[in-house]
Amino acid sequence: HRHLLGIEGLSPLDIQALLDLADEQVEVSRQVEKRKTTLRGRTQINLFFEASTRTQSSFEIAGKRLGADVMNMQVGSSSVKKGETLIDTAVTLNAMRPDIIVVRHHAAGAVHLLAQKVDCSVVNAGDGAHEHPTQALLDALTIRRNKGRIEGLTVAICGDILHSRVARSNMILLAAMGARVRLVAPSTLIPPGIARLGFETFTSMKEGLKDADIVMMLRLQRERMNGSFVPSVKEYFRFYGLDQEKLSFAKPDALVMHPGPMNRGVEISSDVADGAQSLIREQVEMGVAVRMAVLEALASHLPNR
Ligand code: CP
């Protein structure tokens, strides 16, 4: 593959190969003397039209750990502010001959469109409510390292599924790798018709978390709601916030995940987020390894310039 635009389009073998490569990168990332220079002389541009802490910084660190020259485009102070379009911005940057552009955009499909206009590799770092493929890969790597497998596990994805690109990419990946995926949310935050695609849906945390191996929590994405869903935070937390009591509905050795950013006291309590069953900080470390793996996998497809 020349680009990574989504989990959709990757085969289970592609996913497994990326996870195996990412497993190697965990050690490379931890030990300076094992670092490779696969991307030496290559230019990587990070083009983020939406806010990010984890994804942007880990793509920058991943590129640098592989020897790339990494440029973070400051969209807030760019000519986007003067009305330049996404495509003109991309074509302008492409003329400077980068090798890889990593893009986050608020519109679903924007990254696919951009990939058609440039001749370098493009990586989707999140497009609207559509896909966030490297998040799903880092979640899968974290699950595999802790549970030894993905196949046969019961994974409950809980919260604002409707607006979540993380949920969407995870649903595609986990189903492809043989996990049982449950969606747990108020009915207004479950995508219509999703049950027809084979995903079990629950409006009760007690039922949805029963016998779950993994409990994956999601942030309420108010920025994508246009004011249409406004329960009080207290009410939302009471029914859908993960606290110790609700976590006890899952298997005793269940592990808790959250892609971040977290809203403590809204979708998750602090004691669960920081507790012994939480993998949240490990997910962040795996984010660097997975992004190194993705960049290295693309390296073999980069044109000679
Ligand atoms: N999980 C995730 O994408 O976090 P950021 O928005 O901080 O990059």
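Procedures and definitions
- Residues numbered from 1 in each chain as written.
- Predicted model: local features only at pLDDT ≥ 70, side-chain atom pairs only at ≥ 80, totals over all residues.
- Heavy atoms only, no water.
- UniProt positions renumbered as here; feature names shortened; annotations may be inferred.
- Helix = DSSP H or I, 4+ residues; strand = E, 2+ residues; numbered from the N terminus.
- Phe/Tyr/Trp six-rings, centres within 6.5 Å; stacked < 30°, edge-to-face > 60°.
- Lys NZ or Arg CZ within 6 Å of the ring centre and 35° of its normal.
- Core = buried A, V, L, I, M, F, W, Y, C linked by side-chain atoms within 4.5 Å.
- Buried < 20%, exposed > 50% of the residue type's maximum accessible area, 1.4 Å probe, protein only.
- Contact = heavy atoms within 4.5 Å.
- Near = heavy atom within 4 Å.
- Polar contact = N/O pair within 3.5 Å; in protein donor to acceptor, adjacent residues only side chain to side chain.
- Areas by Shrake-Rupley, 256 points an atom, 1.4 Å probe, with all protein chains shown as cover.
- Nonpolar A, V, L, I, M, F, W, Y, C, P; charged D, E, K, R; others polar.
- 1 Å grid on protein atoms, 1.4 Å probe; cavity = no way out; pocket = protein on both sides within 12 Å on 5 of 7 lines; lining within 4 Å.
- Points joined across faces, edges and corners; volume = space filled by probe spheres on them.

K.L.:
Explain the UniProt feature "domain: Aspartate/ornithine carbamoyltransferase carbamoyl-P binding" (unreviewed entry) in the protein chain residue by residue, including any values.
P.N.:
Under the present numbering, the feature "domain: Aspartate/ornithine carbamoyltransferase carbamoyl-P binding" (unreviewed entry) in UniProt falls on residues 2-144. The distance from the first to the last C-alpha atom of residues 2-144 is 26 Å, and the span holds 42% helix and 17% strand.

K.L.:
So, the packing of aromatic side chains: which residues are in play, and what are the values?
P.N.:
Going through the model one piece at a time under the given rule, you end up with 1 aromatic pair. Looking at K246, its charged tip hangs above the ring of F237, at a distance of 5.5 Å from the centre.

K.L.:
Give a detailed account of the nonpolar core, specifying residues and quantitative values.
P.N.:
In terms of nonpolar packing, the biggest core is built from 86 residues, with L137, I157 and L242 touching the most fellow members. For I157, the residues in contact, after removing those within four places along its chain, are A167, N170, M171, L174, V181, R182, L183, V184, M216 and L218. Core analysis: the second largest hydrophobic core is formed by 18 residues, L5, M73, L93 and C120 among them.

K.L.:
Tell me about unusual backbone geometry, and name the residues and values.
P.N.:
Of the consecutive residues G260 and P261, the connecting peptide bond is found in the cis state with omega at -5 degrees. Here P261 is to be found in the loop between strand 9 (255-257) and helix 10 (270-273). Positive phi, close to 60 degrees, is recorded for R97, a residue that is not glycine. Within the secondary structure layout, R97 lies in the loop between helix 3 (86-94) and strand 3 (100-105).

K.L.:
Quick rundown of the site of the ligand? Include the residues and the values.
P.N.:
If you check the shell around the ligand, you find S52, T53, R54, T55, R104, H132, Q135, P259 and G260 and nothing else. At a separation of 2.9 Å, an oxygen atom of the ligand approaches a polar side-chain atom of R104. H132 has a polar side-chain atom sitting 2.9 Å from an oxygen atom of the ligand. Coverage of the ligand by the protein chains reaches 92% of its 260 Å² of free accessible surface. Taken together, the residues of the shell around the ligand break down into 1 nonpolar, 6 polar and 2 charged.

K.L.:
So, the layout of surface pockets: which residues are in play, and what are the values?
P.N.:
Estimates place the volume of the largest pocket at around 330 Å³. Contributing to the lining of the largest pocket are 20 residues, with R104, R165, R219, G260 and P261 lying nearest its centre. Looking at the lining of the largest pocket, its residues break down into 5 nonpolar, 8 polar and 7 charged.

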